[in-house]
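# What the coordinates show
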Amino acid sequence: MRKIALLSAAALCLATSSAFALSDKPYITKDDIDIASLLPSPPTEKSPAGQLDLKTIKDLQANMTPERAKAIRDDLAQDVYQIAGPVLGPNFTKDKFPLTGQFIDKVVKDAGFGVGPIKQKYMKARPFKYSAELATAFPDIAMSTGGATYPSGHSTTSFEVALVLGTMLPSKRDALYERAYTYSLHRVTSGAAYLSDMEGGHITATLAVYAMMQKPEFRADYEAVKAELNRGGIN
């Protein structure tokens, strides 16, 4: 009987989610907030902060274990289910919570002007491009990762997830932030980002989500996603 009730609840959750369409308006645009002017410039590699960035990666790559290496590679996936799954549990999947994934994808896309254009502005080389020794721990990631490094897109996404879902689910807020830090540090450890890139991503995410929360279209979709999570037993 309990199994039937759970299946019925899951079916209701899916039916309700599929009936809801997210706003076709962007949650924010660059006219709402000038992230580029608010984000600090990245440190140069030879500055004290830049040298600390390099040392941090070397220290994180030391004494690598197979378990850590697997976790780092698993976190190449840049979606809400990978990022929040360890906190929200094994039932938090795309099949069971489709609206949540669509919503976070839209958050990331609409805030993209705070990542891609800023990467192009600074064109800072990734750590393993600046120092070849930082590519030795994860040569596969170094071979497959291009583009500029600041701010980190992976970190931006992870903190957007923590910020948005953390306000929906206050009891899980701290754990979602811990997960965002771990996910971001995995990117740093891989040699694909600096600690300062992670910080830039955190700032970008905070500015973007704060601006989004002022918009009625974001708030309406936010409430629909919160309802989907609650119906699915995540609260």
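In this report, the structure presented in the accompanying data block is examined. (Residues numbered from 1 in each chain as written. Predicted model: local features only at pLDDT ≥ 70, side-chain atom pairs only at ≥ 80, totals over all residues. Heavy atoms only, no water.)

### Quick look at the overall build of the chain
Cut-off, in case you're wondering: Under the DSSP-based scheme used, a helix requires at least four consecutive residues in state H or I and a strand at least two consecutive residues in state E, with every element numbered from the N terminus. The atom set for the radius of gyration is the C-alpha atoms, and the globule formula is 2.2 Å times the number of residues raised to the power 0.38. Exposure classes here rest on a 1.4 Å probe applied to the protein chains alone. A residue is buried below 20% of its type maximum, exposed above 50%, and partly exposed in between. Contacts are residue-level and defined by heavy atoms, with any inter-residue pair within 4.5 Å sufficient.
Looking only at helices and strands, one finds 13 helices and zero strands in the chain. Counting from the amino terminus, the chain carries its helices and strands in the arrangement α-α-α-α-α-α-α-α-α-α-α-α-α. For a compact globule of 235 residues, the expected C-alpha radius of gyration is about 18 Å, and the chain comes in at 19 Å, within 12% of that figure. Dimensions along the principal axes, computed over C-alpha positions, put the chain at roughly 60 × 45 × 30 Å. Counting only residues that meet the buried cut, the chain has 49% of its 235 residues in that class. Within the chain, contacts between residues at least 6 apart in sequence are counted, and of these 82% link residues at least 24 apart.

### What about the packing of aromatic side chains?
Operational definition: Ring pairs are drawn from Phe, Tyr and Trp, using the six-membered ring of Trp, whenever the two centres fall within 6.5 Å, and their geometry is named by plane angle: stacked under 30 degrees, edge-to-face over 60, tilted for the rest.
Enumeration over the complete set of coordinates arrives at eight aromatic pairs. When the ring of Tyr-81 is compared with that of Phe-92, the centres are 5.1 Å apart and the planes differ by 40 degrees; the resulting orientation is tilted. In this pair, Tyr-81 sits in helix α5 (residues 80–88) while Phe-92 sits in the loop between α5 and α6 (98–110), placing the two residues eleven residues apart along the sequence. Using a relative accessible area of 17% as the deciding quantity, one classes Tyr-81 as buried. Residue Phe-92 is classed as buried on the basis of its relative accessible area, which comes to 3%.

### Quick look at the nonpolar core
To be explicit about the condition: We define the nonpolar core as a collection of buried residues of types Ala, Val, Leu, Ile, Met, Phe, Trp, Tyr and Cys that are connected through side-chain atoms lying within 4.5 Å of one another.
Core analysis: the largest hydrophobic core is formed by 45 residues, its most contacted members being Phe-92, Phe-103, Leu-165, Met-168 and Leu-229. At the level of elements, α5, α6, α10 (153–168), α11 (173–189), α12 (195–212) and α13 (216–231) are the ones that each hand at least two residues to this core. Of the residues forming this core, the biggest block, seven residues, is contributed by α10. Those residues in contact with Met-168 that lie beyond four places of it in its chain are Phe-103, Tyr-222, Val-225, Lys-226 and Leu-229.

### Some details on the side chain of Arg-179
Quick reminder of the rule: Under the rule applied, a polar contact is a pair of N or O atoms within 3.5 Å (in protein, one hydrogen donor and one hydrogen acceptor; residues adjacent in sequence only if both atoms are side-chain atoms).
Relative to the assigned elements, Arg-179 resides in helix α11. Of the polar contacts made by the side chain of Arg-179, one reaches the side chain of Asp-75; its length is 2.6 Å. Dropping the residues within four chain positions of it, Arg-179 is found in contact with Asp-75, Gln-82, Ile-83, Pro-86 and Val-87.

### As for α10
Our working definition: To estimate the expected span of a helix, count its residues, drop one, and scale the result by 1.5 Å.
With 16 residues, α10 extends 23 Å between its outermost C-alpha atoms, agreeing within 8% with the 22 Å of an ideal straight helix rising 1.5 Å per residue. Summarising burial for α10: 15 of the 16 residues are buried, a large majority. The N-terminus of α10 is capped by Ser-152, whose side-chain oxygen sits 3.4 Å from the backbone nitrogen of His-154.

### Examining the packing of α11 against α12
Just so we agree on the cut-off: For every element, the axis is a line fit to its C-alpha atoms; helices are fit only across the contacting stretch, and the angle between N-to-C directions ranges from 0 to 180 degrees. If an angle is under 35 degrees, it is roughly parallel; if it is over 145, roughly antiparallel; if it lies from 65 to 115, roughly perpendicular; otherwise it is oblique. The handedness criterion is simple: a crossing whose near helix is rotated anticlockwise from the far helix by less than a right angle is left-handed, and one whose near helix is rotated clockwise is right-handed. Residue polarity follows a fixed list, in which Ala, Val, Leu, Ile, Met, Phe, Trp, Tyr, Cys and Pro are nonpolar, Asp, Glu, Lys and Arg are charged, and the others, Gly among them, are polar.
As a packed pair, α11 and α12 sit with axes 9 Å apart at the nearest point and diverge in direction by 140 degrees. Judged on the interaxial angle alone, α12 and α11 are oblique. Pair α11 / α12 crosses with right-handed handedness. Touching Tyr-177, Tyr-181, Ser-184, Leu-185 and Val-188 of α11 are Leu-195, Met-198 and His-202, all from α12. Among the residues forming the contact of α11 with α12, the class breakdown is six nonpolar, two polar and no charged.

### Here we look at the packing of α5 against α10
Between α5 and α10, the shortest axis-to-axis distance is 9 Å and the interhelical angle comes to 50 degrees. One element, α5, and the other, α10, form an angle in the oblique class. The hand of the α5/α10 crossing is right-handed. Residues Val-80, Ile-83, Ala-84 and Leu-88 of α5 form the contact with α10, whose participating residues are Thr-157, Ser-158, Val-161 and Leu-165.

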